2 protein chains.
Amino acid sequence: MSANSRLTVAAHALTWIGLYQRRGHEVATSEQIATSVNTNPVVIRRLLAELSKAGLVDSRRGAGAGWMLARGLAAITLLDVYRAVEPGPVFALHRATPDPECVVGHGIGPVMAAVYDDVETALRRELAGTTLEDVLRDVLKAA
Amino acid sequence: MSANSRLTVAAHALTWIGLYQRRGHEVATSEQIATSVNTNPVVIRRLLAELSKAGLVDSRRGAGAGWMLARGLAAITLLDVYRAVEPGPVFALHRATPDPECVVGHGIGPVMAAVYDDVETALRRELAGTTLEDVLRDVLKAA
DNA sequence: TCAGTCGTAACCATAGTTGTTACAGCTACT
DNA sequence: AGTAGCTGTAACAACTATGGTTACGACTGA
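Residues numbered from 1 in each chain as written. Chains lettered and ligands numbered in written order. Predicted model: local features only at pLDDT ≥ 70, side-chain atom pairs only at ≥ 80, totals over all residues. Heavy atoms only, no water.

- Per an unreviewed UniProt entry, chain A carries the name Rrf2 family transcriptional regulator and comes from Streptomyces sp. gb1(2016).

Structure, rendered in structure tokens:
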């Protein structure tokens, strides 16, 4: 499985913005966030654009521009972030339709789909149990 | 996330071998399985090679060669198959180490790792709850 | 000996992710 | 007005994972 870090980086960016705002700043720039994440500002802007479409952040343009949270850290769960940045499911069915003449080929699709539904539900339940406020608290606790 | 069908195809192949053996045949060939899955025999052999390393199937070479289950369908869970064919975790941490001078950059790695551990545990618990015997039963029920 | 199959290497195509450069558009500030 | 600074997005390259295909040596029952 292609392990991807989109959820990690998105959570990092949002947590960073939250802490920065808590310290009295109105907006955070993609360059500041990129420095903390250790990546390119465009990567951050691309990710924040998806989070913006999902209603998790707002952006301000022009001079003094930047990003701000659309709601508090306590009101954003990792599931919200996951939904915003992960396009597809973890597991997929066959790429090409299996042989419909074969009993297994004909029937296994729905069976696996049901299993994958349960897996996704469990995964989402876990992610829903952690808010970015929890993340920030644990981050500060470890410092 | 790159949705992959390795788990689906592996479960399909094993279930097919199990049913084929139950009908009185000793071994199944990669070509027969590939026909049911609707893919190339080499894809099946590559996947079964991984399942063989994991001790789920055995192969016989020479004339009359093919594949057979190493143990019954009821003794193989989807978690066993998942472990055999999925190399890495679902989520990854940062590709490049975040800024250690930043509180968030320094502390968020372990926090996210803990969350991902819980997610993987939940995912594995779900997969462990279904055996290939369950899969075959549901496949036959739907027919 | 030979036919059939495994085991595996090699190569290509496709797709997703990440990093990078570039540039148009917007707006507070001077 | 003009400008500086940042967003928003396109374009491209590099890398990785997956899947499809061809090829061929290795093995073994008949």
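### Quick notes on the relation of the copies chain A and chain B
- Mapping chain A onto chain B calls for a rotation angle of 180° and an axial translation of 0.0 Å; the resulting RMSD is 0.0 Å. Within this description, the copies of the chain are treated as partners about a two-fold rotation axis.
- In this assembly the copies share their binding face: 100% of the residues contributing to the interface of chain A also contribute to that of chain B. (Least-squares fit on C-alpha atoms with pLDDT ≥ 70 in both. Contact = heavy atoms within 4.5 Å.)

### Brief notes about the pattern of salt bridges
- Tallying each qualifying case throughout the model produces 18 salt bridges over all chains.
- Residue D138 of chain A is joined to R137 of chain A by a salt bridge in which the shortest nitrogen-to-oxygen separation is 2.9 Å.
- Residue R137 of chain A is classed as partly exposed on the basis of its relative accessible area of 41%.
- As a salt-bridge pair, R137 of chain B and D134 of chain B come within 2.7 Å of each other at their nearest N and O atoms. (Salt bridge = Lys/Arg side-chain N within 4 Å of Asp/Glu carboxyl O. Buried < 20%, exposed > 50% of the residue type's maximum accessible area, 1.4 Å probe, protein only.)

### Let's talk about the interface of chain A and chain B
- With 55 residues of chain A in contact, the opposing surface of chain B contributes 55 residues.
- Buried area between chain A and chain B, both sides added, is near 4700 Å², and the carbon and sulfur share of it is 71%.
- Inspection of the region where chain A meets chain B yields zero salt bridges.
- Counting across the interface, chain A meets chain B through twelve residue pairs in polar contact (both at pLDDT 80 or more).
- Breaking the side of chain A that touches chain B down by element, the ones donating at least two residues are α1 (6-22), α2 (30-37), α4 (78-85), α5 (103-128) and α6 (132-142) of chain A.
- If you tally residues by element for the side of chain A that touches chain B, the top one is α5 of chain A, at 15 residues. (Buried area = accessible area lost by both parts, 1.4 Å probe. Polar contact = N/O pair within 3.5 Å; in protein donor to acceptor, adjacent residues only side chain to side chain. Helix = DSSP H or I, 4+ residues; strand = E, 2+ residues; numbered from the N terminus.)

### A few points about the pairing of strand β1 (residues 57-60) of chain A
Residues and elements named next belong to chain A.
- Pairing geometry for β1 and strand β2 (residues 66-69), over four bridges, is antiparallel. Following the sheet pairing, V57 is matched in β2 by L69.
- In sequence, β1 turns back onto β2 through a hairpin of five residues, with G62 there showing a positive phi of about 80°. (Pairing = 2+ DSSP bridges.)

### Concerning helix α2 (residues 30-37) of chain B
- Within the sequence span of α2 of chain B, burial applies to S30, I33, A34, S36 and V37 of chain B. The arc that holds every buried residue of α2 of chain B, seen down its axis, measures 160°, which confines them to one face.
- Residues of α2 of chain B that are buried sit in contact with α5 of chain A together with α1 (6-22), α3 (41-53) and β2 (66-69) of chain B.
- Note on α2 of chain B: the residue one or two positions beyond its end, N38 of chain B, has a positive phi of about 70°. (Arc of directions from axis to C-beta.)

### A short note on the packing of α1 of chain B against α2 of chain B
Residue and element names in this part refer to chain B.
- It is the contact of α1 with α2, at a shortest axis distance of 10 Å, that shows an interaxial angle of 120°. What the angle tells us is that α1 and α2 run oblique. In this structure, α1 meets α2 at a crossing whose hand is right-handed. Between α1, through V9, H12, A13, W16, I17 and Y20, and α2, the contact on the second element is made entirely by Q32, I33, S36 and V37. (Axes fitted to C-alpha atoms, helices over the stretch in contact; angles between N-to-C directions. Parallel < 35°, antiparallel > 145°, perpendicular 65-115°, else oblique. Left-handed = near helix turned anticlockwise from the far one by under 90°.)

### A closer look at the packing of α1 of chain A against α6 of chain A
Residue and element names in this part refer to chain A.
- The geometry of α1 relative to α6 is characterised by a closest axis approach of 10 Å and an angle of 75° between their N-to-C directions. Here α6 runs roughly perpendicular to α1, going by the angle between their axes. In this structure, α1 uses A11, L14, T15, L19 and R22 to contact α6, whose residues at the interface are L132, E133, V135 and L136.
- Taken together, the residues of the contact of α1 with α6 sort by class into six nonpolar, one polar and two charged. (Nonpolar A, V, L, I, M, F, W, Y, C, P; charged D, E, K, R; others polar.)

### Section: unusual backbone geometry
- In this structure, N38 of chain A takes a positive phi of about 70° despite not being glycine.
- Looking at the secondary structure, you find N38 of chain A in the loop between α2 and α3 (41-53).

### Some details on α6 of chain A
- Taken as a whole, α6 of chain A has its buried residues at L132, V135, L136 and V139 of chain A. Looking down the long axis of α6 of chain A, one finds its buried residues gathered within 95° of arc, a one-sided arrangement.
- Those residues of α6 of chain A that are buried are in contact with α1 and α4 of chain A together with α5 (103-128) of chain B.

### Describing the packing of aromatic side chains
- For the coordinates displayed, the defined rule picks out six aromatic pairs over all chains.
- Ring centres 5.8 Å apart and planes at 90° place the aromatic pair F91 of chain A and Y82 of chain B in the edge-to-face group. With F91 of chain A in the loop between α4 and α5 and Y82 of chain B in helix α4 (residues 78-85), this residue pair bridges two chains. Take F91 of chain A and Y82 of chain B: they sit in the same class, and that class is buried.
- With a centroid separation of 4.7 Å and an interplanar angle of 25°, the aromatic rings of W16 of chain B and Y20 of chain B are classed as stacked. With W16 of chain B and Y20 of chain B both in helix α1 and four residues apart, the pair spans about one turn of that helix. In terms of burial, W16 of chain B and Y20 of chain B fall into one category: buried.
- Counting every residue linked through ring pairs, the aromatic cluster contains Y82 of chain A together with F91 and Y116 of chain B. (Phe/Tyr/Trp six-rings, centres within 6.5 Å; stacked < 30°, edge-to-face > 60°.)

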